[in-house]
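The primary structure of each chain is shown beneath.
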Amino acid sequence: MLAFHTDIAVIGAGLAGVTCARQLAAAGYQVQLFDKSKGMGGRMATRRGEQFAIDHGAQYFTARHPDFIAEVARWLVDGRCAAWTGQVVQWRAEGQTPAYPEQRYVPQPGMSSLCRSLADGLDVALGQRLVALQRQEQGWQLSFADDQPAWLARQVLLAVPPAQAAALLGPAPELQALAASVAMEPCWAAMLELPDRLPLPIDAAWVEHGPIRWLARNTSKPGRTGREGWVIHATPAWSQQQLDTRAEQVAALLHAAFADLVDVEVEVSRRSAHRWLYGQAANPLTLGQVYAADIGLGLCGDWCLGTRIEDAWLSGRALAMAVQAAG
Ligand SMILES: Cc1cc2nc3c(=O)[nH]c(=O)nc-3n(C[C@H](O)[C@H](O)[C@H](O)COP(=O)(O)OP(=O)(O)OC[C@H]3O[C@@H](n4cnc5c(N)ncnc54)[C@H](O)[C@@H]3O)c2cc1C
């Protein structure tokens, strides 16, 4: 007998996993949510220091699907999220133009706070990395890293990036092949903490030349207090080239590229870098979710539909609906 049982185990407490778990729990299923990290949110991440916090993964989200528009409207009313009205430009070698005019939203006070608040009331186990799935007569045995106790679940729903899902899907070769078919592009993110406000007329830019793809003044987003912070995302190509470079060196390189681009001296009190090995999908699926009802195994995540936060929400919700429809 295993010590721990659950009806449904959801692996991954990013937006897809939290959305899926929340909907199933609301429908009366017994759900246990796991994540390998110490915190929730996955790629919706906030790095915190003394009087300083910065969103170093996803930067903002937009809403296009009517159901997501309605959900975001609820988040705006309850204060989980707010509209970000920062000055965003498209930056080409020949100059700047206003970025595509879309309403941009951010969770507040930081990116990771959305999943944390949505998971309120759910059973969540953090710091638990699933390392193996074994088929049992009545479901699945889940084994975790560091000799943590195993669990038995009737169904397992993986809400993790595709490479991490594929590594666990040995017992389900068809699902494994689907997950393995999606490639994720890396992204190096540099975080700069500044002693003073940078005198730039913009708050963020999509950059179309050089090693930088995106830059943003984190403190221009609602709910962000503390010292001025800028996040710099490198292009996938540059990130791939520098995949094995040390983080301190990457931070220095992107700091220099940023100063060069904005053409002002950028004095920093601290800088660091984070490598997103699985940043965004190069070739996402269009299925929305993948569910094998006969073996009680499902997949969701942004990569099942697209590359964005909205896709993660839609995918998590679609998988929950598939589980409910199967009874
Ligand atoms: C640098 C960067 C910038 C981005 N910018 C934007 C943006 O501006 N706008 C936008 O809409 N989207 C953006 N995105 C994409 C957005 O972050 C994702 O679409 C969304 O957060 C994906 O959510 P998810 O739940 O599918 O996956 P994730 O957020 O990746 O969640 C997966 C979770 O699974 C956990 N996990 C993985 N393996 C295991 C395991 N074996 N055991 C237990 N737990 C495990 C991870 O710790 C993680 O918490 C960006 C992404 C990156 C990396």
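Fair warning: this is a prediction, and the values are worked out from it, not measured in the lab.

Here's the deal with the overall build of the protein chain
Logical step 1: Helix and strand counts for the protein chain stand at eight helices and 19 strands.
Logical step 2: Radius of gyration (C-alpha) of the protein chain: 20 Å, near the 20 Å computed for a compact globule of 327 residues.
Logical step 3: With respect to the principal axes defined by its C-alpha atoms, the protein chain has extents near 65 × 45 × 35 Å.
Logical step 4: Expressed as a percentage of the 327 residues in the protein chain, the buried residues total 53%.
Logical step 5: A fraction of 67% describes how many contacts in the protein chain between residues 6 or more apart in sequence connect residues 24 or more apart.
Logical step 6: If you sum the accessible surface of the protein chain, you get close to 14,400 Å²; carbon and sulfur atoms cover 50% of it.

Here we look at the domain arrangement of the protein chain
Logical step 1: Assigned domains of the protein chain: these are domain 1 (1-40 + 119-181 + 284-327) and domain 2 (45-111 + 184-282).
Logical step 2: For domain 1 versus domain 2, the separation of C-alpha centres amounts to 29 Å.
Logical step 3: Across the contact, 15 residues belong to domain 1 and 18 residues belong to domain 2.
Logical step 4: Roughly 1,400 Å² is buried in total at the junction of domain 1 and domain 2, and carbon and sulfur atoms are behind 64% of that figure.
Logical step 5: With a closest N to O distance of 2.9 Å, Arg317 and Asp67 form a salt bridge.
Logical step 6: On inspection of domain 1 and its partner domain 2, the count reaches five residue pairs in polar contact (both at pLDDT 80 or more).
Logical step 7: For the side of domain 1 that touches domain 2, the elements supplying multiple residues, two or more each, are α4 (162-166) and α8 (309-326).
Logical step 8: The element contributing the most residues to the side of domain 1 that touches domain 2 is α8, with five residues.

So, the pairing of strand β8 (residues 104-107)
Logical step 1: With burial as the criterion, each face of β8 is covered, one bearing Arg104 and Val106 and the other bearing Tyr105 and Pro107.
Logical step 2: Taken together, the four bridges between strand β5 (residues 81-84) and β8 define a ladder with antiparallel strand orientation. What sits directly across from Cys81, in β8, is Pro107.

What to know about the environment of Ala247
Logical step 1: Within the fold, Ala247 resides in helix α7 (residues 247-262).
Logical step 2: In this structure, the C-alpha to C-alpha distance between Ala247 and Val10, residues 237 residues apart in sequence, is 32 Å.
Logical step 3: With residues near it in sequence (within four places) discarded, Ala247 still touches Trp188 and Ala273.

With respect to the site of the ligand
Logical step 1: By nearness alone, 34 residues border the ligand, and Asp35, Arg43, Tyr60, Asp302 and Ile309 come closest of all.
Logical step 2: Here Lys36 contributes a backbone N or O atom positioned 3.1 Å from a nitrogen atom of the ligand.
Logical step 3: Here an oxygen atom of the ligand and a side-chain polar atom of Asp302 are 2.7 Å apart.
Logical step 4: Compared with its free state, where it exposes 1,000 Å², the ligand has 95% of that area covered by protein.
Logical step 5: Sorting the residues of the shell around the ligand by element identifies α1 (15-26), β17 (270-281) and α8 as the ones contributing at least two each.

Reading the values: the criteria
- Residue indices begin from 1 for each chain and proceed along its sequence in written order.
- With pLDDT at 70 or above as the cut-off, local features in this predicted model cover only qualifying residues; side-chain atom pairs require 80 or more to be listed or tallied, and sums for whole chains, interfaces and linings still use all residues.
- Hydrogens and waters are ignored; side-chain quantities use all the structure's heavy atoms.
- Helix and strand assignments come from DSSP, with helices taken as H or I runs of at least 4 residues and strands as E runs of at least 2, each series counted from the N terminus.
- Here the globule rule reads 2.2 Å times residues to the power 0.38, and the radius of gyration is calculated from C-alpha atoms.
- When a residue's accessible area, from a 1.4 Å probe over protein chains only, is under 20% of the maximum for its type it is buried; when over 50% it is exposed; and in between it is partly exposed.
- Residues are treated as being in contact if the distance between any of their heavy atoms lies within 4.5 Å.
- All accessibility values rest on the Shrake-Rupley procedure with a 1.4 Å probe; residue burial counts only the protein chains present in the view.
- Marked domain ranges trace back to an automatic or database domain assignment.
- Summed over both partners, the accessible surface that disappears when two parts come together, traced with a 1.4 Å probe, is what is meant by buried area.
- Criterion for a salt bridge: a side-chain nitrogen of Lys or Arg within 4 Å of a carboxyl oxygen of Asp or Glu.
- The definition of a polar contact used here is a pair of N or O atoms within 3.5 Å, where within protein one atom must be able to donate a hydrogen and the other to accept one, and adjacent residues in sequence count solely through side-chain atom pairs.
- Only strands joined by at least two bridges in the DSSP assignment are considered to pair.
- Residue proximity to a molecule or strand is established when one non-hydrogen atom of the residue lies within 4 Å of it.

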